[in-house]
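What follows is each chain in one-letter form.
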Amino acid sequence: MRWATALLIVIASACTRPDPAARLDAGTHARSGAATSTAAIAVRTTTAADMLALLPQSGDAQRILAERCLLCHGLEHVAQQRLPLAKWTAVIDKMARWGTPLAAGEAELLARALAEALPPELPDVPPRRVPTRP
Amino acid sequence: MLRPVIPLSRRHLLGAAAGSLMLGRAAHADGQLLELSSRPENYEAPLEALGTRITPLSAFYIRSHFARPTVDPAAWRLTLDGLAGRPRTFSLADLARYPQTTVEAVLQCAGNGRALFRPRMPGVQWTRGAMGNATWTGVRLKVLLAESKPASAARFVTLRGADAPLLPATPAFVRSIPLDRALHEDTLIATHMNGAPLTPSHGAPARVVVPGWVGDDWVKWITRITLGAEEDPSFFTATAYRFPSPPGAPGEAIPPARMKPMSWMNTKSVITSPAHGAVVRPGKVEVVGVAFSGPAAIARVEVLSAGEAIEAALEGQPTRYGWRVFRAAVPVEAGRVAIGARATDGAGGTQPDEPVWNPSGYLHNAVHRVELEVRA
């Protein structure tokens, strides 16, 4: 049932602005692919800390994400991906080439954890609505 | 419009206060975008906000590779260099002295629709809202390039903006386009969008505008344009933003030699209302959307329902690079119905039923279908 819990994940930025609570209509976001949002559908936001807790079981993976991956981009970049292990491995290798500090074995640990938590068959979670930025 | 009852927790009040600070800074406080990521800024529009000819800033998508740079307009300079007989530097005041041109054009992210491909690929998971139609005002790039006297060996211009990666090993976002396109009369160094100065998120004080071409070449916060005999060898020109020619099967890896830079957009239409999953009454439902294309203008848009194709009305007059709003009244009976839209351009280019899969998830233009529940 972890994937069902994962359905409720929307990654908030560091500056969280809570949205009004609303239903997430899981049926609309099923295998047919990411549906466009409808007026009736909003999302329950959560903080980055919540997202970390629900992601890979391994505390090491959570730590690596928070310490290294967040240098350059928010966790939403990670959480919206839906990839098999081979593609997670390729993405993490590219991030390492782009300067992410990763010790021996950490890339593989992270790839396995993300492939388990964010596989291709996991339904998409609609992005949250925010006021327009300047 | 009725608002849902919101439990007023202190956290919510603090959030609302923070939100109102945000609204105070926003150019259009009543707009909303969908947050793909806040860092860096990647936001797409909800489709219901895109059903007009001109997309307001409040609904205009934002795409960034890195942190948004803060550029002092007074200190900003655009440098033209490289294989140039007379390298030049322009300030905003300099640009304002040149004749100003306005072009209406669709800007669409190369990856718009990436989330819809199967099998899936990494990247920002745009659905359909990473696109908008606006007027762009500025100086023709050909005029500025003429001032710099391109050498005969020059074949490309490499575009660099003020945004920069955090880590030295991360490649900068740099794009090369053919000199021919840079010299096209419609290619602009734009300072204004929809009649107002560019906002920081949209590339202030100036950005490149390449009407009809995919958004990856519309470099924001432009600071340097370098004439050269070759394309830039760095990642974002040499590897990224390429499309396989010919395409392979879904999931198929493509050898680098078959990956070519993108240029023109392809033919596309998107239904902006009703929304997927909407509940409508039996009878006639008004389907609204937008349609646009590459070199050949939109010839027709068909709205598809229950095996029938209804030719939609196209609003207004066509522009060279802008999109057309289309409308059709579609009869629907009780139950579930799928409504599609398919645009065809003057050269016969149209939309496939299934997207053309490619490893990076670019140029998605499959027929858009929305499912409606029809009940009284």
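Here the structure is shown first, and the text comes after it.
Owing to the predicted nature of the structure, the values given are computational and were not obtained by experimental measurement. Starting afresh in each chain, residues are numbered from 1 along the sequence in its written order. Throughout, the order in which chains and ligands are written sets their labels, letters from A for the former and numbers from 1 for the latter. Owing to the predicted nature of the model, reporting of local features is limited to residues with pLDDT of at least 70; listing and counting of side-chain atom pairs is limited to 80 or more, with chain, interface and lining totals taken over all residues. Derived side-chain values reflect all non-hydrogen atoms in the structure, with water molecules and hydrogen atoms excluded from consideration.

Asker: Would you mind going over the environment of B:Thr350 with me for this structure?
Answerer: Residues and elements named next belong to chain B. Helix and strand definitions here come from DSSP, where helices need a minimum of 4 consecutive H or I residues and strands a minimum of 2 consecutive E residues; each element is numbered from the N-terminal end. Tracing the backbone shows Thr350 in the loop between strand 22 (335–345) and strand 23 (368–374). For each residue, the accessible area found with a 1.4 Å probe, counting protein chains only, is set against the maximum for its type, and the residue is called buried under 20%, exposed over 50%, and partly exposed in between. Thr350 gets classed as partly exposed once you look at its relative accessible area, which sits at 36%. Each C-alpha atom, one on Thr350 and one on Asn266, is 8.3 Å from the other, the two residues being 84 residues apart in sequence. Should any heavy atoms of two residues lie within 4.5 Å, those residues are considered in contact. Beyond its immediate sequence surroundings of up to four residues, Thr350 is in contact with Thr267, Arg342, Ala343, Thr344 and Asn365. Side-chain atoms alone can form a polar contact between residues adjacent in sequence; in general such a contact is a pair of N or O atoms within 3.5 Å, and within protein one must be able to donate a hydrogen while the other accepts it. In terms of polar contacts, Thr350 uses its side chain to reach the backbone carbonyl oxygen of Ala343, at 2.8 Å. Within polar-contact distance, the side chain of Thr350 engages the side chain of Thr344 at 3.3 Å.

Asker: Explain the side chain of B:Arg120 here, please?
Answerer: Within the fold, B:Arg120 resides in the loop between strand 5 (101–108) and strand 6 (131–140). A polar contact of 3.0 Å, which involves the side chain of B:Arg120, links it to the side chain of A:Asp124. The contacts of B:Arg120, once residues within four sequence positions are left out, are A:Gln80, A:Arg82, A:Leu83, A:Lys87, A:Pro120, A:Asp124, B:Ala115 and B:Gln125.

Asker: Sorry if this is basic, but what is going on with empty space enclosed by the protein here?
Answerer: Any space left empty among the atoms is revealed by the rolling of a water-sized probe across them. Residue and element names in this part refer to chain B. Here the term cavity refers to a set of points on a 1 Å grid, laid over the protein atoms alone, in which a 1.4 Å probe fits but cannot get out; the term pocket refers to an open set having protein on both sides within 12 Å along at least five of seven lines, with lining residues being those that place an atom within 4 Å of a point. Grid points are joined across faces, edges and corners, and a volume is the space filled by probe spheres set on the points. Here the structure, examined in full by the defined rule, presents two cavities of 30 Å³ or more. Computed from the structure, the largest cavity encloses a volume of approximately 260 Å³. Along the wall of the largest cavity there are 20 residues; nearest its centre are Arg63, Arg207, Gly215, Trp218 and Lys220.

Asker: Would you mind going over the nonpolar core with me for this structure?
Answerer: Residues and elements named next belong to chain B. Judged by nonpolar contacts, the single largest core of 75 residues is most densely connected at Trp136, Leu144, Val157, Ile189, Ile222 and Ile225. Apart from residues lying up to four places away in sequence, Ile222 is in contact with Trp76, Leu78, Leu159, Arg160, Gly161, Ile189, Ala206, Arg207 and Val208. What we call a nonpolar core is a set of buried Ala, Val, Leu, Ile, Met, Phe, Trp, Tyr and Cys residues that are connected through their side-chain atoms within 4.5 Å. Listed in part, the 21 residues of the second largest apolar core include Val332, Ile339, Ala343 and Val370.

Asker: Even after reading the chapter, I still don't get helix 5 (residues 85–97) of chain A, so can you show me in this structure?
Answerer: Along an α-helix, a turn takes 3.6 residues, which lines up residues three or four apart on a common side. A helix is expected to span 1.5 Å for every residue after the first. Along its 13 residues, helix 5 of chain A runs 18 Å from first to last C-alpha, staying within 8% of the 18 Å computed at 1.5 Å per residue. With its phi angle positive at about 115 degrees, A:Gly99 sits one or two positions after the end of helix 5 of chain A.

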